[in-house]
Amino acid sequence: QVQLVESGGGLVQAGASLMLSCAASGRYFSFNHYDMAWFRQAPGKEREFVAHIRGSDGITYYADSVKGRFFISRDNAKNSVYLRMNSLKPEDTAVYYCKAWDNYGGTFWGQGTQVTVSS
């Protein structure tokens, strides 16, 4: 079992930056074997993909809506993944979730952290 705990959300004005963190833990857990991603869910909308970083080689992928503004990174020594969010917009307001998965079917989600961007 893998536990994911997100932090770093908050209320900011449009144009500001935030850094989200996701700390992973678990028995027999090898963080570098897991791909990590951030998703978000706005009120009344479905959960959507934001960014993904592979465990094997650190290659990253982004949703078009955040490309060039958001940056995902990971620190395998700290079992953590981060999401740097720049130039925030009101439409970025959502609960942000951390997701981990491996090649053996294990998939885990965090509890989410609220990001609110005021105009």
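Residues numbered from 1 in each chain as written. Predicted model: local features only at pLDDT ≥ 70, side-chain atom pairs only at ≥ 80, totals over all residues. Heavy atoms only, no water.

Looking at unusual backbone geometry
Okay, so step 1: You will see that Asn 79, though not glycine, has its phi angle at about 50°, which is positive.
Okay, so step 2: Mapped onto the elements, Asn 79 comes out in the loop between β7 (70–75) and β8 (80–85).
Okay, so step 3: With a phi close to 50°, Ser 87 is a non-glycine residue in the positive phi region. (Helix = DSSP H or I, 4+ residues; strand = E, 2+ residues; numbered from the N terminus.)

Side note on the packing of aromatic side chains
Okay, so step 1: Scanning the entire structure with this criterion turns up 6 aromatic pairs.
Okay, so step 2: Among the aromatic residues, ring-to-ring pairing joins Phe 29, Phe 31, Tyr 34 and Phe 108 into one connected group.
Okay, so step 3: Sitting over the face of the ring of Trp 109, Arg 47 holds its NZ or CZ atom 4.6 Å from the ring centroid.
Okay, so step 4: Residue placement shows Lys 99 over the ring face of Trp 101; its charged tip is 4.9 Å from the ring centre. (Phe/Tyr/Trp six-rings, centres within 6.5 Å; stacked < 30°, edge-to-face > 60°. Lys NZ or Arg CZ within 6 Å of the ring centre and 35° of its normal.)

Notes on the sheet that holds strand β3 (residues 18–25)
Okay, so step 1: Strand order in the open sheet formed by 4 strands is β1-β3-β8-β7, with antiparallel pairing between adjacent strands. Of all the strands in the sheet, the pair left with one neighbour each is β1 (3–7) and β7. Taking the axes of each pair of neighbouring strands and ignoring which way they run, one obtains an average angle of 15° across the sheet.
Okay, so step 2: Direction of pairing for β7 relative to β8: antiparallel, over a ladder of 6 bridges. In the strand pairing of β8, Arg 74 is matched with Val 81. (Pairing = 2+ DSSP bridges. Axes fitted to C-alpha atoms, helices over the stretch in contact; angles between N-to-C directions.)

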